[in-house]
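Observations on the three-dimensional arrangement
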Amino acid sequence: MSAVLSFIVMPLQVRNSFILFLCAVIWGSAFVAQALGMNHIGPFAFTFARSIIGGLFLLAVLPILDRITRKKIDETTGEKSNPWRNPKVWTGGILCGIVLFVSESLQQFGLLYTTVGKAGFLTCLYIVIVPVVGMFIGRKTGFLVWIAVVLSCLGLYYLCMPPGEFSLSLGDGLVLACAFSYTAHILVIDHYTDHVDGVRMSCIQFFVGSILGFILMMIFEPPTLEAMKAAAPAFLYAGICSNGIAYTLQIIGQRGVNPTVASLILSLESVVSVIAGWLILSQSMNSRELLGCSLMLSAVILAQLPRSFFKRLFEGRMSH
């Protein structure tokens, strides 16, 4: 109980940064489920299944979450406010749902034609794209964050790419497009997250994705009942953990956190995927991959440190 209270009273940015780190852990471990599920069903079917499960999971836990957060009473009517009536939650949910569906589908199709290492590197290029796009929409990005971006990109390269190898195949192009799509998803969430109920917006985005996935699945890759049963453990994990829990935590965690810093923390899913492969699949990490992990962890720490920390450090050295 004391641990829960300590977490609640943490500074907002620290607490939400930890929430985003949990997202990275869940997403990184979900790569195993995605790979296994694609052995039985197609990309649209997998995206449909994980989306509908994520939406249903959130609908089931909404009453519990509402009770925990104790929704505010409207001062004029004395009745509970209804977050579903906020038009922004529907606009944000629909936009997030479309962008997320495109992102997940591009990633799933890309994995059919490229390696997991390249997919991890190219997908996480959103950590560079986010601040670049942010400049065009009036967001300021500090110098330390840009250094962290460079470090994290270098770390991702060492972590995911074989020495001296980088060629853009069809799969690479699809996953690169996915990185741009995920950038849009991060920025849309950043735009709406302070104005809506994040859990309800997440719920809407999953049902929008499931509708799109179902239509395209039935047109291009209608699965058999046996195939869906075989893939069930994989898309249940992806739907409940990766979608229902992690994407909701992303919406909650991005509140009050710079989107570039948020993208840096979320990019740690690449590190977690390597660690998950080592722990679950007995895939050992070589020195090159460990260097990549170290660079990425350094980048995230650097991005989180306030500028005043370096000012005090510099002044302390000058005084000696």
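For the structure itself, look to the data block above.
Here we summarise the structure given alongside this text. Sequence order as written defines the numbering, with residues in each chain counted from 1. Local features in this predicted model are restricted to residues of pLDDT 70 or higher, and side-chain atom pairs are both shown and tallied only at a pLDDT of 80 or more, whereas totals for entire chains, interfaces and linings draw on every residue. For side-chain calculations, the full set of non-hydrogen atoms in the structure is used, while hydrogens and water are omitted.

Strands are runs of DSSP state E lasting at least two residues, helices are runs of H or I lasting at least four, and both sets are numbered from the N terminus onward. A count of helical and extended segments in the protein chain gives 14 helices and zero strands. Order of helices (α) and strands (β) in the protein chain, N terminus to C terminus: α-α-α-α-α-α-α-α-α-α-α-α-α-α. Partly exposed residues are those whose accessible area sits between 20% and 50% of the maximum for their type, while under 20% is buried and over 50% is exposed, using a 1.4 Å probe and protein chains only. Each of the 320 residues in the protein chain was classed as buried or not, and the buried ones make up 49%.

Once that is clear, we can look at helix 7 (residues 143-160). Any helix carries an expected span of 1.5 Å times its number of residues minus one. Between its terminal C-alpha atoms helix 7 stretches 26 Å, which fits the 26 Å expected from 18 residues at 1.5 Å a residue. Three or more residues of helix 7 are buried, namely Leu144, Val145, Ala148, Val149, Ser152, Cys153, Gly155, Leu156, Leu159 and Cys160.

What follows deals with the packing of helix 7 against helix 11 (residues 259-266). Orientation is described by lines fitted to C-alpha atoms, with helices fitted over the stretch in contact, and by angles between N-to-C directions that extend from 0 to 180 degrees. Running from amino to carboxyl end, helix 7 crosses helix 11 at an angle of 25 degrees, the nearest separation of the two axes being 11 Å. When the axes of helix 7 and helix 11 are compared, the pair comes out roughly parallel. Crossing hand, helix 7 versus helix 11: left-handed. From helix 7, Val145, Ala148, Val149 and Ser152 reach across to helix 11, where they touch Thr260, Val261 and Leu264. Ten residues, namely Ala, Val, Leu, Ile, Met, Phe, Trp, Tyr, Cys and Pro, are considered nonpolar, four, namely Asp, Glu, Lys and Arg, are considered charged, and the remaining ones, Gly among them, are considered polar. Grouping the constituent residues of the contact of helix 7 with helix 11 by class yields five nonpolar, two polar and no charged. For classification, angles of less than 35 degrees are called roughly parallel, those exceeding 145 degrees roughly antiparallel, those between 65 and 115 degrees roughly perpendicular, and all remaining angles oblique. Crossing handedness follows the turn of the near helix against the far one: under a right angle anticlockwise gives a left-handed crossing, and clockwise gives a right-handed one. Two residues qualify as a contact provided that any one of their heavy atoms is within 4.5 Å of a heavy atom in the partner residue.

Looking now at empty space enclosed by the protein. Grid points spaced at 1 Å and placed over the protein atoms alone form the basis of the search, with a cavity being a set where a 1.4 Å probe fits but cannot get out and a pocket an open set showing protein on both sides within 12 Å along at least five of seven lines. Lining residues have an atom within 4 Å of a point. Grid points are joined across faces, edges and corners, and a volume is the space filled by probe spheres set on the points. The tally for this structure, following the rule as stated, stands at one cavity of 30 Å³ or more. Of the voids in this model, the largest cavity is the one considered here, and its volume is about 170 Å³. For the lining of the largest cavity, the secondary-structure elements that each account for two or more residues are helix 2 (12-37), helix 4 (87-113), helix 8 (170-192) and helix 10 (225-253). Within the lining of the largest cavity, the residues separate by chemical class into seven nonpolar, six polar and three charged.

Note on definitions: salt bridges are taken to be side-chain nitrogens of Lys or Arg within 4 Å of carboxyl oxygens of Asp or Glu. Following the criterion strictly, the structure yields two salt bridges and no others. Arg50 serves as the salt-bridge partner of Glu104, at 3.6 Å between the closest nitrogen and oxygen. Here Glu104 is found in helix 4, whereas its partner Arg50 is found in helix 3 (residues 43-69), with 54 residues between them in sequence. A single burial state applies to Glu104 and to Arg50, both of which are buried. Arg200 is the salt-bridge partner of Asp197, the closest N and O atoms lying 3.1 Å from each other. In this pair, the class of Asp197 matches that of Arg200, namely buried.

Along the chain, the position of Gly292 falls in helix 13 (residues 287-304). For Gly292, a relative accessible area of 0% puts it in the buried group. Once the C-alpha coordinates of Gly292 and Leu156 are considered, the two residues, 136 residues apart in sequence, prove to be 5.9 Å apart. The contacts of Gly292, once residues within four sequence positions are left out, are Gly155, Tyr158 and Leu159.

By the element assignment, Gly97 lies in helix 4. Overall, the relative accessible area of 0% leaves Gly97 in the buried class. When the C-alpha positions of Gly97 and Ser210 are compared, they lie 8.7 Å apart, and in sequence the two are 113 residues distant. Once residues within four sequence positions are removed from consideration, Gly97 is found in contact with Gln205, Val208 and Gly209.

The next thing to look at is a nonpolar patch on the surface. Together, Ile211, Phe214, Ile215, Met218, Ile219 and Phe220 line one region of the surface with nonpolar side chains, adding up to about 630 Å² of accessible area. Mapping Ile219 onto the fold places it in helix 9 (residues 198-220). Each patch is built from salt-bridge-free residues with over 30% relative accessible area, joining like charges within 9 Å and nonpolar side chains (Val, Leu, Ile, Met, Phe, Trp, Tyr) within 5 Å. Values of accessible area rely on a 1.4 Å probe in the Shrake-Rupley scheme; residue burial ignores everything except the protein chains shown.

Let us look at the packing of helix 4 against helix 8. At a closest axis distance of 8 Å, the pairing of helix 4 and helix 8 adopts a crossing angle of 160 degrees. With respect to each other, helix 4 and helix 8 are oriented roughly antiparallel. Pair helix 4 / helix 8 crosses with left-handed handedness. In the contact of helix 4 with helix 8, the residues fall into 18 nonpolar, eight polar and two charged.

Here we take up the nonpolar core. In terms of nonpolar packing, the biggest core is built from 52 residues, with Phe121, Tyr126 and Leu159 touching the most fellow members. In terms of residue count, the dominant contributor to this core is helix 7 (eight residues). As used here, the term nonpolar core means buried Ala, Val, Leu, Ile, Met, Phe, Trp, Tyr and Cys residues forming a set that is joined through side-chain atoms within 4.5 Å. Core analysis: the second largest hydrophobic core is formed by 17 residues, Ile41, Ala49, Ala227 and Met228 among them.

It is worth stressing that arrangement in space is one thing and function is another; only the former is reported here.
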